[in-house]
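The primary structure of each chain is shown beneath.
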Amino acid sequence: MDESYKPNEIEQEAQRFWEQNKSFRVVEDSRREKFYCLSMFPYPSGRLHMGHVRNYTIGDVISRYQRMLGKNVLQPMGWDAFGLPAENAAIQNRVPPAQWTRQNIEYMKGQLKRLGFGYDWDREFATCDRDYYRWEQWLFTRLYEKGLAYRKHAVVNWDPVDQTVLANEQVVDGKGWRSGVAVERREIPQWFLKITDYADELLRGLETLSGWPENVITMQRNWIGRSEGLEMDFPIAGGDDVLKIFTTRPDTVFGVTYMAVAAEHPLSVRAAQSDSDVAAFIEECGHHGVTEADVETLEKDGRPLGIEATHPITGETVPVWVANFVLMSYGTGAVMAVPGHDQRDWEFARAHGLRIKQVIAPWDETTPCDISECAYTEKGVLVDSGQFTGMSFEQSFDAIAQQLERTQLGRRCVNFRLRDWGVSRQRDWGAPVPMLQTEDGGLVPAPELPVELPENVEFEGVRSPLLNLREFLQAVDPKTGRPARRETDTFDTFVESSWYYARFCCPDNEAAMLDERARYWLPVDQYVGGVEHAVLHLLYARFFHKLMRDEGLVDCDEPFANLLTQGMVNAQTFFREHDGHRQWIPPKDVIVQYDADGKIVGAAHRKDGLPVGVGPVEKMSKSKNNGVDPQSLIDDFGADTVRLYTMFTAPPDQALVWNDSAVAGAERFLSRLWNTAARHVNEGAAPPVDLSALDSNHRDLRRKIHETIAKVTDDIDRRQTFNTAIAAVMELLNALGRFEDRSEIGRAVAREAISSIVLLLAPIVPHIAHSLWFALGHETPVVDAPWPKVDPSALVKDEILLVVQVNGKLRARLAVPADADKGRVEELALSDANVRKFIGEKPVRKIIVVEGKLVNVVC
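This one's a predicted model, so the numbers in the text were calculated from it and none came from an experiment.

A. Fine view of the overall build of the chain. Check the secondary structure of the chain and you find 26 helices and 35 strands. Once the C-alpha set of the chain is aligned to its principal axes, its extents read approximately 105 × 80 × 65 Å. Summarising the internal contacts of the chain: among those between residues at least 6 apart in sequence, 71% fall at separations of at least 24. Of the roughly 38,600 Å² that the chain leaves accessible, carbon and sulfur atoms contribute 48%. Taking the 98 positively charged and 126 negatively charged side chains of the chain as two groups, their mean positions are separated by 4 Å.

B. Quick peek at the pattern of salt bridges. Summed over the entire model, instances satisfying the criterion amount to 66 salt bridges. Across the pair K109 and E124 runs a salt bridge, and its minimum N-O distance is 2.8 Å. Taken together, the residues K109 in helix α4 (residues 97–114) and E124 in the loop between α4 and α5 (130–146) connect sequence positions 15 residues apart. Residue K109 is classed as buried on the basis of its relative accessible area, which comes to 16%. Using a relative accessible area of 23% as the deciding quantity, one classes E124 as partly exposed. One salt bridge connects E731 with K704, and the closest N-O pair in it is separated by 3.2 Å. Taken as a pair, E731 in helix α22 (residues 722–738) and K704 in helix α21 (residues 696–719) lie far apart in primary sequence, 27 residues in all.

C. How the structure looks around unusual backbone geometry. With an omega of 5°, the peptide bond between L449 and P450 qualifies as cis. Tracing the backbone shows P450 in the loop between β20 (443–445) and α13 (470–473). Geometrically, the link from L522 to P523 is a cis peptide bond, its omega value of 5° lying close to zero. Tracing the chain through its elements places P523 in the loop between α16 (516–521) and β24 (526–530). A positive phi angle, close to 55°, is found at Q163, a residue other than glycine. Looking at the secondary structure, you find Q163 in the loop between β3 (149–159) and β4 (164–166). Look at Q163 and you get partly exposed, because its relative accessible area is 28%. Even without being a glycine, N807 presents a positive backbone phi close to 55°. Here N807 is to be found in the loop between β32 (799–806) and β33 (809–817). The exposure class assigned to N807 is partly exposed, which follows from its relative accessible area of 40%.

D. Broad picture of the state of the cysteines. Tallying each qualifying case throughout the model produces 0 disulfides. The thiol of C374 is unpaired, and the distance to the nearest cysteine sulfur, on C369, comes to 8.4 Å. We classify C374 as partly exposed; its relative accessible area is 37%. Free of any disulfide, C506 has its nearest neighbouring cysteine sulfur in C505, separated by 6.1 Å.

E. Fine view of the nonpolar core. Counting residues in each nonpolar core, the largest one holds 178 residues, and the members touching the most others are Y36, Y501, L522, F544, M548 and W658. Non-local contacts of Y501, meaning those with residues more than four positions away in its chain, are made with Y36, L38, L522, V524, A541, H545, M548, P559 and F560.

F. Summary view of the side chain of D515. Tracing the backbone shows D515 in the loop between α15 (500–503) and α16. What makes D515 buried here is its relative accessible area of 11%. Polar contacts involving the side chain of D515 include one to the side chain of R517, which spans 2.8 Å. Dropping the residues within four chain positions of it, D515 is found in contact with C506 and N509.

G. How the structure looks around the packing of aromatic side chains. Summed over all chains, the structure comprises 34 aromatic pairs. Consider the rings of F82 and Y133, whose centres lie 5.9 Å apart with planes at 50°: the pair is tilted. Separated by 51 residues along the polypeptide, F82 in the loop between β2 (72–74) and α3 (84–93) and Y133 in helix α5 bring together distant segments of the chain. Overall, Y133 belongs to the buried group, its relative accessible area being 1%. With 3.9 Å between their ring centres and 15° between their planes, Y527 and F560 make a pair best called stacked. With a gap of 33 residues between them, Y527 in strand β24 and F560 in the loop between α17 (536–550) and β25 (563–566) connect regions that are remote in the sequence. This pair shows no difference in class: Y527 is buried, exactly as F560 is. One aromatic cluster is present, formed by F41, F125, Y132, W499, Y500 and F504 through successive ring pairs. Its end group placed over the ring of F192, K152 keeps NZ or CZ at 5.3 Å from the ring centre.

H. Geometry of α22. Taking 1.5 Å of rise per residue, the 17 residues of α22 would be expected to cover 24 Å, and the 25 Å separating its terminal C-alpha atoms lies within 8% of that figure. Those residues of α22 that fall on the buried side of the exposure criterion are F722, N723, A725, I726, A728, V729, M730, L732, L733, A735 and L736. Next to the buried residues of α22 lie α2 (50–68), α19 (639–648), α20 (660–682), α21 and α23 (744–761).

I. Seen up close, the sheet that holds strand β9 (residues 242–247). Ordered by their spatial adjacency, 3 strands build an open sheet running β9-β8-β16, and the pairing between neighbours is antiparallel. Strand pairing shows two members of the sheet lacking a second neighbour, β9 and β16 (410–416), which therefore form its edges. Geometrically, the sheet is characterised by an average inter-axis angle of 35° between neighbouring strands, direction not taken into account. Examined bridge by bridge, strand β8 (residues 226–235) and β16 share 7 bridges and lie antiparallel to one another. Considered in β16, the bridge of L230 is made with R412. On the sheet, helix α12 (residues 393–407) packs against β8 and β16 and is oriented at approximately 120° with respect to β16.

J. Looking closely at the sheet that holds β33. Pairing is mixed in the open sheet, where 4 strands are placed in the order β33-β32-β35-β34. Both outer strands of the open sheet, β33 and β34 (846–850), are each paired with one neighbouring strand and no more. The sheet shows a mean angle of 20° between the axes of neighbouring strands, direction not considered. Here β34 runs beside strand β35 (residues 854–858); their pairing, made up of 5 bridges, is antiparallel. If you follow I847 over to β35, its bridge partner there is V857.

K. Broad picture of the packing of α2 against α19. Look at α2 against α19: their axes get within 10 Å of each other, and the N-to-C directions meet at 90°. As judged from the angle between their axes, α2 and α19 are roughly perpendicular. Each of M50, V53, R54, T57, I58, D60, V61 and R64 in α2 lies in contact with α19, whose residues at this interface are V642, R643, T646 and M647. Partitioning the contact of α2 with α19 into residue classes produces 6 nonpolar, 2 polar and 4 charged.

L. Highlighting the environment of L761. By secondary structure assignment, the location of L761 is in helix α23. What makes L761 buried here is its relative accessible area of 1%. Measuring from C-alpha to C-alpha, the distance between L761 and L243 comes to 66 Å, with 518 residues separating the pair along the chain. Sequence-distant contacts of L761, that is, excluding residues within four places in its chain, are made with F669, L673 and V729.

M. Region of the structure containing the packing of α21 against α23. Orientation of α21 relative to α23, taken along the N-to-C sense of each, is 10°, at an axis distance of 10 Å. Taken as axis vectors, α21 and α23 run roughly parallel relative to one another. Residue-level inspection shows H698, L701, R702, I705, H706, T708, I709 and V712 of α21 in contact with α23, the latter providing I745, G746, V749, E752, A753, S756 and L760. Grouping the amino acids of the contact of α21 with α23 by side-chain chemistry returns 8 nonpolar, 5 polar and 2 charged.

The rules behind these values
Residues numbered from 1 in each chain as written. Predicted model: local features only at pLDDT ≥ 70, side-chain atom pairs only at ≥ 80, totals over all residues. Heavy atoms only, no water. Helix = DSSP H or I, 4+ residues; strand = E, 2+ residues; numbered from the N terminus. Contact = heavy atoms within 4.5 Å. Areas by Shrake-Rupley, 256 points an atom, 1.4 Å probe, with all protein chains shown as cover. Lys, Arg positive; Asp, Glu negative; His and termini not counted. Charge placed at Lys NZ, Arg CZ, Asp CG, Glu CD. Salt bridge = Lys/Arg side-chain N within 4 Å of Asp/Glu carboxyl O. Buried < 20%, exposed > 50% of the residue type's maximum accessible area, 1.4 Å probe, protein only. Disulfide = S-S within 2.5 Å. Core = buried A, V, L, I, M, F, W, Y, C linked by side-chain atoms within 4.5 Å. Polar contact = N/O pair within 3.5 Å; in protein donor to acceptor, adjacent residues only side chain to side chain. Phe/Tyr/Trp six-rings, centres within 6.5 Å; stacked < 30°, edge-to-face > 60°. Lys NZ or Arg CZ within 6 Å of the ring centre and 35° of its normal. Expected span 1.5 Å × (residues − 1). Pairing = 2+ DSSP bridges. Axes fitted to C-alpha atoms, helices over the stretch in contact; angles between N-to-C directions. Parallel < 35°, antiparallel > 145°, perpendicular 65-115°, else oblique. Nonpolar A, V, L, I, M, F, W, Y, C, P; charged D, E, K, R; others polar.

What follows is the structure in structure tokens.
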């Protein structure tokens, strides 16, 4: 056996074996325990980045480990193929998005295979495949017939460059996340799914997800945002209009001094027709984002509408304003303003000279409460509140609710922060919404599915080509036979990623969305992905799963039993100043100097040797030019080194800070493992371990072997801390390096150590494990080998180390036989020279023995 480690040859050989033998192809088998492991599938951007590598390596380690436990393991892979980047690339490069996407898929698939991931490639699909999106179109038509999908005019974030609606989360600092241009408010027809009908169930379901990180549970709970309060009616004086508002603080209702409505509210629109000042203000609001975060940063501004609302309890009238801090998409688009007890309302009132009234006071009179300085927002005792004065929050809530219910001007209700999911986008590269618009303006589902997206299209600017494709637009109303027009909106790509996990169970079914195989595999036992998807993707997938359940397609309530959210991959940044701007330099182009503690003390450019600035450690990104190309690392070090490094450097849920020297260290470890195994194999076959022939050195190494098996099993299975598992294997290899017994029994124990190391590392570095396992004489591949089991007898120690104290102070460490009784332990402790020295002539009053830990001699 060649003693030099040659990763490229080793890895190509292993990958050929897996492909030829279809090692990872899996079928349903009710006789075996199933395990479905899934990593969030990638967008085919063209090249893998280190975030991909970390995500997919984690999933592969878990899959391979579960396979070695004897489970029937499914680990599929596919492509989240629709989206704006492909469309923008098509515009720039003058190629259809479909062509650009499929070229990228082929390249990235090769990269994934080069990393040795154990995917069942027979289940691969891209979400732009007609056989995939036809089924989400089918489900959408079912939802439309149930009233769970609908179309309405809505105020949206409009990106004037990308010419499409943006979700709130795609607006960053008031600008489009890709274009970087300020978004506008527009009111346009949009398609929605009624996720709010499932709000309570989505919230309750979080209690069952014990395998999810608590921070993700909290984020979803906050996003759903259940709150109990009162809905109140404020009639508009002199007319039939009523302002309905929702509040969780009815105790403050006597402090209402004005009402505020959104710019798009019907009262605002009506006022703008006769008030140019209001009209100009509404126009100005149209250039602001529509998220809560956006409005929080705005200076509070508004205009009076010249109308008044009637207080539902006091009967007093209060002015109605249009305000930039009220959003039509949240609640009813109107709020009761209580400036004495809401800071936002207070700031607006101060800016516009409106009355500020105190109706809540602290229970403790010594607590500061000066509403001339700021709002008092804590709960307390009601003051100046009519018959409710003196009540607590709880008392007033019930009393005010009862009065409003008697007068039919209010009612108790539950409100959710969650809003219905807007699923339509005004771009080309997406699954068409399968609806037709009839001549009379009605809407009907498309009668034949799929409504296929034309792929050979040409772009003129960013406007969707679908708007001009006559052959796509022209359709027939299935009810009347008259001409109809196809919907040109396409689905938001979150729709495709909300059910892909289920389709992997049965991707070849041409007759149904899902079949009985989905019931076998679901739920996903382990889902792996970035925490940036903690809210929207995971929430939408949970919602979609419940929609499919209610269609009888799946029989479980949640899609993902366990969730692992991996941390970011970060790297050092370097720069030079040029014309007042920083030009970011790739780490590969920088020579770095470190001090003895590993701190950077200097950096210079490789090309000219001149100094460069050292920036912060940040997430790998194109903007900071601090990314590391996985392909070059694989070419230089091999896939196993890259996999080992990404698993060893940090726990999976924490940020990984890239370090080139540590990558080289991972390669050295694998080289040492290969060399150790090769030398052992080249010395010839070793006999089985004869337990009766072991001496203390043999037993020590065997104890280390089985302690390591126990620790690595716990680290991978329960704790999912792969870094500590690798560290334990490294310690075992070090122990083997110190073991110099070349006798037959010594070589037998060494063979057990090497075999155990190979098995324990097989999920992490599968290529080298594949080669070494065959080199050790096994006939079946390591991918089919069982996970090593702990031999309890090997963990029994011949001796144990005890701490010996004299009057509570450490005086000796004592090795005693593991089976020594209390009397023998006391005898050995008293015979120790250092212990006798500190006892001296003093009589021993008593000896305290804590079994397995210490002896304390009391004089």
